[in-house]
There are 2 protein chains.
Amino acid sequence: MVTEAMVRKCLQEVGVPGATRNLEKLGLVRGVTISGKKVKITLASTALNNEAQAQVKVRTQEAVAKLSDVGRVEIEFVEVRPSEINQINYVVAIMSGKGGVGKSLVSSLMAIALKRQGLEVGILDADITGPSIPRMFGIATRASGSHSGILPVVSRTGIEVISMNLLLPEDDTAVIWRGPLLSKAITQFWQDVVWGKLDYLVVDVPPGTADASLTVLQSIPVSGVIIVFTPQDLTAMIVRKAVNMAQKMSKPVLGVVENMSFLYIPEINKRIELFGKSKAQKMAQTAGAPLLGQLPIDPELAKLCDEGNIESYSSESFAFLAQSIIQMLSQAAAK
Amino acid sequence: MVTEAMVRKCLQEVGVPGATRNLEKLGLVRGVTISGKKVKITLASTALNNEAQAQVKVRTQEAVAKLSDVGRVEIEFVEVRPSEINQINYVVAIMSGKGGVGKSLVSSLMAIALKRQGLEVGILDADITGPSIPRMFGIATRASGSHSGILPVVSRTGIEVISMNLLLPEDDTAVIWRGPLLSKAITQFWQDVVWGKLDYLVVDVPPGTADASLTVLQSIPVSGVIIVFTPQDLTAMIVRKAVNMAQKMSKPVLGVVENMSFLYIPEINKRIELFGKSKAQKMAQTAGAPLLGQLPIDPELAKLCDEGNIESYSSESFAFLAQSIIQMLSQAAAK
């Protein structure tokens, strides 16, 4: 006898065009009905154009037909909104208030750390006018989809990414939009993207406490916020604005990360505090949250980011940061 | 016989409460009428509250009464909008697209360079949610004004500054505003501030190509744009978006400035290119504008910024940048 579990296991082998995850992990399997030798499978057509649907249909039929005792395999497509498909366990927003302190860097490193643990991770790049995530991961393909939804683009190590730059014709096209359009784009990145089943979604929030940040905190069910800063005094002031904003909007600050803490010069075996003395303890206190790590200025990391190869980075500071992020998030997500 | 010129010269000695510039330079003198020994002076009451008006009245009468052949001095206040008073010769916007590349730093250094030439200079900090100008100049006082206008706060060396942080109760209050409010604030910084007579107004534009940048380029008569970038590839991409935007809005790009070009380590007499090889020539080419200078990462400068003492900075790179900015702007302004 064929069982539903057997059929669903087969569906884990069916790849979706434009995605690396299978039908089951993307949450596209909506139902399996078995009557005798006949198997009926209901699939969401979300984000699949006609060609992709045809391919999925053939692949599904072939995969299920391999089971013994299976006769006819009937495939039905239903239109479902991405929001009904997505099952995201935990959403964490990376904020700072100040630009250029390394929000995208910390977002990426966090996603990489979680992925290396074997978790399913996505990055929502909410920096519509200055998106830097795809470049760091060396993603050059564009996102695919249909009228019913968008599929994220997957990185080399399997991190799901959506970013304005994956939807633009050219990397350097300027998105000259006022706030309402920015907010709409961010909301769509949440509502219209087939994220499927994710353990963590990391949201890279652009600088400032205006439209984009507001929309992220209001329209996306952010579970917690991580604040990134550099040791400069004036950065600290602007970062306090971000902490202030998170608190006003009742989002817990889970931790703080100091970037550009120091530069190590091997020739003289010396650490230089380029941007002044570390503000790490003070910022942790201001935010009322633990210090998760301190990243140095690392020319090697800058190079990997420029080459689109951030996923191959490893360093002592990153290992430390990764460990405290994983520990902190597993505690936060368990609550 | 008393002449108008003699009276106007006297008015150059009359200070305005809350400002360092005199009545004449602030453009508040609206008319001088002389009939025999009687002198009638019409002043704009713009940005002056009742107390300030009373002080100005007494000071003006005392100053003019010193002239021989002057009998009665009559002072009349008229309400005039700041836009009718302001005479700004040249407005230059500092943009980048990317956050944290040093727009505020370059804006400040440019204003300092021009001020050191004896020119009248103002800075309009259009970064409403992340203002860093006042901190760099060590300005802790708040802006004063009345229902009819706002007076900029003046720095130690006489640069006129307006910034959201000069209007907030606390430095770290978050301004959680959507685009339309941001745009309104920027427009007000242009329309409602008594800039008076300025040779140059430097506008520090926030990151991104959304509301704030759009408003600056649409509502303020920007004569030209200077683009700031760092050597990172991904910065270059986002900076191209800004160049793209300036071009779309028909604003000439006057020049480009590379920040964080290198770090000099005196112990080993070596320049380290922390963020990769210089992109200066390439960016100048992309922008179709000259390279005005390259600034290193300078821990001394970071320290001065944090101490609010940027005006006492001097270095070889800054001297070079200052010279090329002055030369370029004097050519651009003469057109």
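Bear in mind that the values here come from a model prediction, so they are computed numbers and not experimental data.

Cut-offs applied
- Residues numbered from 1 in each chain as written.
- Chains lettered and ligands numbered in written order.
- Predicted model: local features only at pLDDT ≥ 70, side-chain atom pairs only at ≥ 80, totals over all residues.
- Heavy atoms only, no water.
- Helix = DSSP H or I, 4+ residues; strand = E, 2+ residues; numbered from the N terminus.
- Buried < 20%, exposed > 50% of the residue type's maximum accessible area, 1.4 Å probe, protein only.
- Contact = heavy atoms within 4.5 Å.
- Lys, Arg positive; Asp, Glu negative; His and termini not counted.
- Charge placed at Lys NZ, Arg CZ, Asp CG, Glu CD.
- Phe/Tyr/Trp six-rings, centres within 6.5 Å; stacked < 30°, edge-to-face > 60°.
- Lys NZ or Arg CZ within 6 Å of the ring centre and 35° of its normal.
- Axes fitted to C-alpha atoms, helices over the stretch in contact; angles between N-to-C directions.
- Parallel < 35°, antiparallel > 145°, perpendicular 65-115°, else oblique.
- Left-handed = near helix turned anticlockwise from the far one by under 90°.
- Nonpolar A, V, L, I, M, F, W, Y, C, P; charged D, E, K, R; others polar.
- 1 Å grid on protein atoms, 1.4 Å probe; cavity = no way out; pocket = protein on both sides within 12 Å on 5 of 7 lines; lining within 4 Å.
- Points joined across faces, edges and corners; volume = space filled by probe spheres on them.
- Least-squares fit on C-alpha atoms with pLDDT ≥ 70 in both.
- Pairing = 2+ DSSP bridges.
- Arc of directions from axis to C-beta.
- Buried area = accessible area lost by both parts, 1.4 Å probe.
- Salt bridge = Lys/Arg side-chain N within 4 Å of Asp/Glu carboxyl O.
- Polar contact = N/O pair within 3.5 Å; in protein donor to acceptor, adjacent residues only side chain to side chain.
- Domains from an automatic or database assignment.

A.B. asks: Any chance you could explain the overall build of chain A here in plain terms?
C.D. replies: Scanning chain A from terminus to terminus reveals eleven helices and 15 strands. Seen along its three principal axes, the alpha-carbon backbone of chain A occupies a region of about 70 × 45 × 40 Å. In chain A, which comprises 335 residues, the share counted as buried stands at 61%. Contacts in chain A between residues at least 24 apart in sequence constitute 76% of all its contacts with a sequence separation of at least 6. Within chain A, the 31 negative side-chain charges are centred at a point lying 5 Å from the centre of the 34 positive side-chain charges.

A.B. asks: I would appreciate a short explanation of the packing of aromatic side chains in the present structure.
C.D. replies: Here the distance between the centres and the angle between the planes together describe a pair of aromatic rings. As enumerated under the stated definition, the model contains four aromatic pairs over all chains in all. Ring geometry for A:Tyr313 against A:Phe318: centres 5.8 Å apart, planes inclined by 20°, an arrangement best described as stacked. Take A:Tyr313: its relative accessible area is 2%, and that puts it in the buried class. Aromatic side chains B:Tyr90 and B:Tyr200 sit 5.9 Å apart centroid to centroid with 65° between the ring planes, which places their arrangement in the edge-to-face category. Of the two residues, B:Tyr90 is situated in strand S4 (residues 87–95) and B:Tyr200 in strand S10 (residues 197–204); the sequence distance between them amounts to 110 residues. Its relative accessible area of 7% is what places B:Tyr90 among the buried residues. Judged by relative accessible area, which is 7%, B:Tyr200 ranks as buried. Here the guanidinium or amino end of A:Arg271 rests over the ring plane of A:Phe262, the centre of that ring lying 3.7 Å away.

A.B. asks: Hey, could you run me through the packing of helix H8 (residues 233–248) of chain A against helix H9 (residues 280–287) of chain A in this one?
C.D. replies: Describing two packed helices takes the angle between their axes plus the distance from one axis to the other. Residue and element names in this part refer to chain A. It is the contact of H8 with H9, at a shortest axis distance of 10 Å, that shows an interaxial angle of 25°. As summarised for this structure, H8 and H9 are arranged roughly parallel, according to the angle between their axes. The crossing of H8 and H9 is right-handed. Of the residues in H9, those in contact with Ala236, Val239, Arg240, Val243 and Gln247 of H8 are Met283, Thr286 and Ala287. Looking at the contact of H8 with H9 residue by residue, the class counts come to five nonpolar, two polar and one charged.

A.B. asks: Sorry, what's going on with the layout of surface pockets here?
C.D. replies: The rolling of a water-molecule-sized probe over the atoms marks out the regions of remaining empty space. In this model, the largest pocket occupies a volume close to 470 Å³. Around the largest pocket sit 20 residues that line it, and B:Phe262, B:Tyr264, B:Arg271, B:Pro296 and B:Ser317 are the ones nearest its centre. Every element with two or more residues in the lining of the largest pocket is listed here: strand S13 (263–265), strand S15 (291–294) and helix H11 (316–334) of chain B. Taken as a whole, the second largest pocket holds about 310 Å³ of empty space. In terms of lining residues, the second largest pocket is bounded by 13 residues, among which A:Phe262, A:Arg271, A:Pro296, A:Glu316 and A:Ser317 are the most central. Secondary-structure elements contributing two or more residues to the lining of the second largest pocket are strand S15 (291–294) and helix H11 (316–334) of chain A. When grouped by side-chain class, the residues that make up the lining of the second largest pocket number six nonpolar, four polar and three charged.

A.B. asks: Would you mind showing me how to read the relation of the copies chain B and chain A here?
C.D. replies: One copy of the chain maps onto the other through a rotation about an axis plus a displacement along that axis. Expressed as a screw operation, the relation of chain B to chain A combines 0.0 Å of axial shift with a rotation of 180°, fitting to an RMSD of 0.0 Å. The transformation relating the two chain copies, once decomposed into turn and shift, fits a two-fold axis. Counting the interface residues of chain B, we find that 100% of their copies in chain A are interface residues as well, pointing to one common contact surface.

A.B. asks: Would you mind showing me how to read the sheet that holds strand S2 (residues 38–44) of chain B here?
C.D. replies: What holds strands together in a sheet is hydrogen bonding between their backbones, with the strands either parallel or antiparallel. Residues and elements named next belong to chain B. Reading across the sheet, the three strands line up as S1-S2-S3 and stay open at both edges, with mixed pairing between neighbours. Of all the strands in the sheet, the pair left with one neighbour each is strand S1 (29–35) and strand S3 (73–78). Ignoring which end each strand starts from, the neighbouring axes of this sheet average 15° apart. As paired strands, S1 and S2 are joined by six bridges and run antiparallel to one another. Residue pairing for S2: glycine 31 is matched across the bridge by threonine 42. Sheet strands touched by helix H1 (residues 4–11): S1 and S2. Its angle to S1, the strand with the most contacts, is close to 135°. Most of the contacts of helix H2 (residues 50–65) go to S3, to which it runs at about 145°, and overall it touches S2 and S3.

A.B. asks: What should I look at first to understand helix H9 (residues 280–287) of chain B in this one?
C.D. replies: Residues spaced three or four apart along an α-helix face the same direction, because each turn holds 3.6 residues. Residue and element names in this part refer to chain B. All of the buried residues along H9 are Ala280, Met283, Ala284 and Ala287. Down the axis of H9, the sector holding all buried residues measures 100°, keeping them to one side. Turned more than 90 degrees from where H9 packs its buried face, Gln281, Lys282 and Gln285 sit exposed. The inward-facing, buried residues of H9 contact strand S11 (224–229), helix H8 (233–248), strand S12 (253–258) and S15. Trailing H9 by a residue or two, glycine 288 shows a phi angle of about 60°, which is positive.

A.B. asks: How should the interface of chain B and chain A be read in this particular structure?
C.D. replies: Accessible area lost during the coming together of the parts is what is often quoted as the interface size. With 54 residues of chain B in contact, the opposing surface of chain A contributes 54 residues. Interface area for chain B against chain A, summed over the two sides, is near 4,700 Å², with a carbon-plus-sulfur share of 58%. For chain B, the biggest contributors to the area lost against chain A are B:Ile176, B:Arg178 and B:Lys241; these three give 14% of the whole. Where chain B meets chain A, there are two salt bridges. For the interface between chain B and chain A, the tally reads six residue pairs in polar contact (both at pLDDT 80 or more). Looking at the side of chain B that touches chain A, the elements that each hand over two or more residues are helix H5 (133–136), helix H6 (179–191), helix H7 (211–219), H8, S13, strand S14 (270–272) and helix H10 (299–306) of chain B.

A.B. asks: Looking at this structure, how should I read the domain arrangement of chain A?
C.D. replies: All names here are of chain A. What the domain assignment lists for chain A is domain 1 (4–80) and domain 2 (84–334). When domain 1 packs against domain 2, the two sides together hide about 1,500 Å² of surface, and 54% of this comes from carbon and sulfur. Considering only the surface of domain 1 that becomes buried against domain 2, Arg21, Leu26 and Ala47 emerge as the three largest contributors, covering 37% of it. The residue lysine 25 makes a salt bridge to glutamate 120 at a minimum N-O spacing of 3.1 Å. Our count for the contact surface shared by domain 1 and domain 2 stands at eight residue pairs in polar contact (both at pLDDT 80 or more). Partitioned by chemical class, the residues of the side of domain 1 that touches domain 2 number nine nonpolar, six polar and five charged.

A.B. asks: Explain the environment of A:Leu181 to me, please; I cannot follow it from the model alone.
C.D. replies: Residues and elements named next belong to chain A. Along the chain, leucine 181 falls in helix H6 (residues 179–191). Overall, leucine 181 belongs to the partly exposed group, its relative accessible area being 43%. Here the alpha-carbon distance between leucine 181 and alanine 212, two residues 31 residues apart in the chain, equals 9.9 Å.

A.B. asks: Where do I start with the sheet that holds strand S1 (residues 29–35) of chain A in this structure?
C.D. replies: Residues and elements named next belong to chain A. Spatial ordering of the open sheet is given by S1-S2-S3, a layout of three strands whose pairing is mixed. Looking at strand neighbours, the two that pair on one side only are S1 and strand S3 (73–78), the edges of this open sheet. On average, adjacent strands in this sheet sit at an angle of 15° to one another, irrespective of strand direction. As judged from the six bridges shared by strand S2 (residues 38–44) and S3, these two strands associate in the parallel manner. Residue leucine 43 lies in a different strand from S3, and its bridge partner there is phenylalanine 77. Contacting S1 and S2, helix H1 (residues 4–11) runs over the sheet at an angle of about 135° to S1.

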